[in-house]
2 protein chains.
Amino acid sequence: MIVAYQGELGAFSEEAARLFFGRAVPLAPRKSFKDVFRFAATHRASYGMIPIENSVYGSIHQNYDLLLKHKLHIIGEVKLRVQLHLMALPGVSLRDVRSVYSHAQALGQCDDFVRSLRRVNVVAYYDTAGAAKMIRERDRRDAAAIASARAATTYGLRIVRRNIESNHRNYTRFLALSRKPADARRGRKTSIVFAVKDAPGALFKALAVFALREINMLKIESRPLVGRPWEYLFYVDVEGSAAEKRMQQALSHLDELTTFARVLGSYPFAGTSKD
Amino acid sequence: MIVAYQGELGAFSEEAARLFFGRAVPLAPRKSFKDVFRFAATHRASYGMIPIENSVYGSIHQNYDLLLKHKLHIIGEVKLRVQLHLMALPGVSLRDVRSVYSHAQALGQCDDFVRSLRRVNVVAYYDTAGAAKMIRERDRRDAAAIASARAATTYGLRIVRRNIESNHRNYTRFLALSRKPADARRGRKTSIVFAVKDAPGALFKALAVFALREINMLKIESRPLVGRPWEYLFYVDVEGSAAEKRMQQALSHLDELTTFARVLGSYPFAGTSKD
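Residues numbered from 1 in each chain as written. Chains lettered and ligands numbered in written order. Predicted model: local features only at pLDDT ≥ 70, side-chain atom pairs only at ≥ 80, totals over all residues.

Caption draft 1: Examining the environment of A17(A) more closely. Residue and element names in this part refer to chain A. Positionally, A17 belongs in helix α1 (residues 12-21). Spatially, the C-alpha atom of A17 lies 25 Å from that of A242, the residues being 225 residues apart in sequence. The contact partners of A17, leaving out residues within four places of it in the chain, are V3, Y5, V25, L27 and M49. (Helix = DSSP H or I, 4+ residues; strand = E, 2+ residues; numbered from the N terminus. Contact = placed C-beta atoms within 7 Å.)

Structure representation (structure tokens):
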């Protein structure tokens, strides 16, 4: 068994993978989300762990598109609080720091702190953990990275300032992917993607198949239908399992009203990590 | 009168601004979308033109968030076909090109063409028109940019390969913003943002206020409600004007079902540019 994720060792996706699959699970870090999907889809006993949504920044739309493209099943989810720290080589203090490296989104999430720094270059990097790795590898005593506590441990950096993210209610939700579906009877949540007919009220009718059966909708996300300008695909998360009778009836009703519909997975809810 | 947009001269937003406000309209190029909103919100007789959605890549979510933050009104929309060309200094041929510069999304949109180039560095730049400008300013005879025909004209570059975008059904929709609302009686389309109560079926009920009155929904977009993880704001476009009786009834019904609702504007439809 091996789990692919995007980023360097120390990335948040690594933490999510270990939480879901177990601390000691073998991991395959990949360069891009596309590579994670490809790896999980083609290797035996392989899985993927991808971020799908951040509570401040919204959905990771590329991963919605990749869910459609590949035939993988969602087997579970993990919610992780995003905690960002400023880290540097041991012995380096905030006074010594002339450059701060991190992923553009992490820099944005620490905007208040970053603005408070004087005479410091702020540099966007491809990955949070990658920034920490670079500081270690190049022995940069004039620089700091913004990354996770795991990245500090992985690359032997010391945390100079803790929890510098502006919004502490900042969570990312990850999805665990597999070539085989999870046992639907254990599912409490079902993810579905569909396209409606190009007719007035079509989306409303599609959502009615759930509402009329008192199946609660947790999330809806729209994505463009490529090649059909101003038409959309809809990704919905609803409460309940595809193994339940009323869900099966809702899905069969959905088939009547859509040009395309696919269940991406039925899986248990994640709790939200407290720290 | 002056219209702010994001990017350099020659950007697609400039084209959209000229199409909507007239060829000779005075323009104020700005560095970021945030600056466009700020300019349009604070200067007298000033307007903004922003991209909101691409038919291949989806919504520009940052601009949805900025629509909420600022109190500007949508007064119209423009749809533009995205045509991308490879351009270089006069006398430079494809054989001479060692580096290709463009915005990352434009590079993505020309992926098939870019992959067909051999021994060429592909470099992501902050802006398509900015890449064209740089080639002119630095007199780069070893490089080419991927940008609009307008950018070629603006910076005196010659088009080496025309329409290199992979998907020719590639359109971007832009919104015209103003401090004063448009005459609602001329509106054919209304944009609304709302947040629903945290209760089962809440979104379905909110959409019913339109469906039950046979008001057609054209688009729905969800964005995270910051500080309330896994709750959402919804942006919907519906057919009809806020000046119509049934729309006013729908909006008053929507108020009963939501914790917050705001009309962003009622405005005429854009045609889709043929070329």
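Caption draft 2: Looking closely at the relation of the copies chain A and chain B. Rotating chain A by 180° about the axis while translating it 0.0 Å along that axis superimposes it on chain B, leaving an RMSD of 0.0 Å. Those values place the two copies in the arrangement expected of a two-fold rotation axis. Rotation axis and chain A: the residue whose C-alpha lies nearest the axis is E221(A), separated from it by 3.4 Å. In this assembly the copies share their binding face: 100% of the residues contributing to the interface of chain A also contribute to that of chain B. (Least-squares fit on C-alpha atoms with pLDDT ≥ 70 in both.)

Caption draft 3: Looking closely at the nonpolar core. Core analysis: the largest hydrophobic core is formed by 152 residues, its most contacted members being A132(A) and A132(B). Discounting chain neighbours no more than four positions away, the residues touching A132(B) are G10(B), M87(B), A145(B), A147(B), A151(B), A152(B), Y155(B) and L157(B). (Core = buried A, V, L, I, M, F, W, Y, C linked by C-beta atoms within 7 Å. Buried ≥ 20, exposed ≤ 12 C-beta atoms within 10 Å, placed from the backbone.)

Caption draft 4: Structural detail: helix α9 (residues 245-257) of chain B. Residues and elements named next belong to chain B. Spanning 13 residues, α9 covers 19 Å between terminal C-alpha atoms, matching the ideal 18 Å at 1.5 Å per step. The set of residues buried in α9 consists of M247, A250 and L254. Buried residues of α9 fall within an arc of 60° about the axis and therefore sit on the same side. When the buried face of α9 is taken as reference, the exposed residues oriented beyond 90 degrees from it are K245, Q248, S252 and E256. For α9, the secondary structure elements touched by its buried residues are β12 (189-196), α8 (202-211) and β15 (258-267). (Expected span 1.5 Å × (residues − 1). Arc of directions from axis to C-beta.)

Caption draft 5: Main features of the packing of helix α8 (residues 202-211) of chain A against α8(B). It is at 11 Å that the axes of α8(A) and α8(B) come closest, and there the two elements cross at 140°. As the angle between them shows, α8(A) and α8(B) are arranged oblique. The two elements α8(A) and α8(B) meet at a crossing, and its hand is left-handed. For the pair α8(A) and α8(B), contact is made by F204(A), L207(A) and A211(A) and by F204(B), L207(B) and A211(B), respectively. Each residue belonging to the contact of α8(A) with α8(B) can be placed in one class, and the counts come to six nonpolar, no polar and no charged. (Axes fitted to C-alpha atoms, helices over the stretch in contact; angles between N-to-C directions. Parallel < 35°, antiparallel > 145°, perpendicular 65-115°, else oblique. Left-handed = near helix turned anticlockwise from the far one by under 90°. Nonpolar A, V, L, I, M, F, W, Y, C, P; charged D, E, K, R; others polar.)

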